[in-house]
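A look at the structure
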Amino acid sequence: MTNEELIKRAKEVQKKAHAPYSKFRVGSAILTDDGEVFTGCNIENSSYSLTICAERVAIFKAYSEGKRKFKKIAIVSDSKNFISPCGACRQVLMDLAGPELEVILTNSMNEMKVVKLSELLPLPFGSKNLKKKKRG
Ligand code: THU
């Protein structure tokens, strides 16, 4: 699947965004290593902090269908600035997809920038930090 095709899937799901408060509509599509695509849009809540971003919806949908390996994720919005995942999404993507995930950032001029997740989140916290030191 090309980056352009993945972006197209993200644009389709962007239409389903539930963003009555910010009016900022986001769509995302993530590609698994076995070639499946899972999409997600942002879903806002009247208790604002309960809002969930498009990227997390996409990867959580994939996870709940048993997918564990991912190649790339595309993100779209209507902004002329490149949309880049928020800090919370970077952490979730790092844990669930890993540092090699390709992140396709887009803007409303149909331009794209491709970066590795490790570039967006250097020196990440992860499961390795939770391992207890062996006592001996
Ligand atoms: N949002 C996303 O869905 N993804 C991003 O990468 C950035 C922000 C959503 C959250 C909220 O619904 C709206 O955009 C404004 O922050």
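Residues numbered from 1 in each chain as written. Predicted model: local features only at pLDDT ≥ 70, side-chain atom pairs only at ≥ 80, totals over all residues. Heavy atoms only, no water.

**Comments concerning the UniProt feature "binding site: substrate" (unreviewed entry) in the protein chain**
- Annotation from UniProt places "binding site: substrate" (unreviewed entry) at Asn42, Ile43, Glu44, Asn45, Ser46, Ser47 and Tyr48. In this structure, the largest pocket is lined, among the annotated residues mentioned, by Asn42 and Glu44.
- Inspection of the secondary structure assignment puts Asn42 in the loop between strand S2 (37-41) and helix H2 (54-64).
- The class for Asn42 is buried, based on a relative accessible area of 6%.
- Ignoring sequence-local partners within four residues, the contact set of Asn42 consists of Ala17, His18, Ala19, Phe24, Arg25, Val26, Ile52, Cys53 and Ala54.
- Within the structure, the side chain of Asn42 is placed 2.8 Å from the backbone oxygen of Phe24, a separation counted as a polar contact. (UniProt positions renumbered as here; feature names shortened; annotations may be inferred. 1 Å grid on protein atoms, 1.4 Å probe; cavity = no way out; pocket = protein on both sides within 12 Å on 5 of 7 lines; lining within 4 Å. Helix = DSSP H or I, 4+ residues; strand = E, 2+ residues; numbered from the N terminus. Buried < 20%, exposed > 50% of the residue type's maximum accessible area, 1.4 Å probe, protein only. Contact = heavy atoms within 4.5 Å. Polar contact = N/O pair within 3.5 Å; in protein donor to acceptor, adjacent residues only side chain to side chain.)

**With respect to the side chain of Thr39**
- With respect to the secondary-structure elements, Thr39 resides in strand S2.
- What makes Thr39 buried here is its relative accessible area of 13%.
- Contacts of Thr39, omitting those with residues within four sequence positions, involve Arg9, Val13, Ser28, Ala29, Ala58 and Lys61.

**Description of helix H3 (residues 87-97)**
- Here H3 has its buried residues at Cys89, Arg90, Val92, Leu93 and Met94.
- Contacts from the buried residues of H3 go to H2, strand S3 (70-76) and helix H4 (117-120).
- Positive backbone phi, approximately 95 degrees, marks Gly98, located one or two places after H3.

**Description of the pairing of S2**
- Burial analysis of S2 places five of its five residues in the buried class, which makes it a mostly covered element.
- Both faces of S2 are covered, namely the face carrying Val37, Thr39 and Cys41 and the face carrying Phe38 and Gly40.
- Alignment of strand S1 (residues 27-32) against S2, held across five bridges, turns out to be antiparallel. Pairing of Ser28 across the sheet is with Gly40, part of S2.
- Hairpin connection from S1 to S2: four residues lie between these consecutive antiparallel strands, with Gly35 at a positive phi of about 85 degrees. (Pairing = 2+ DSSP bridges.)

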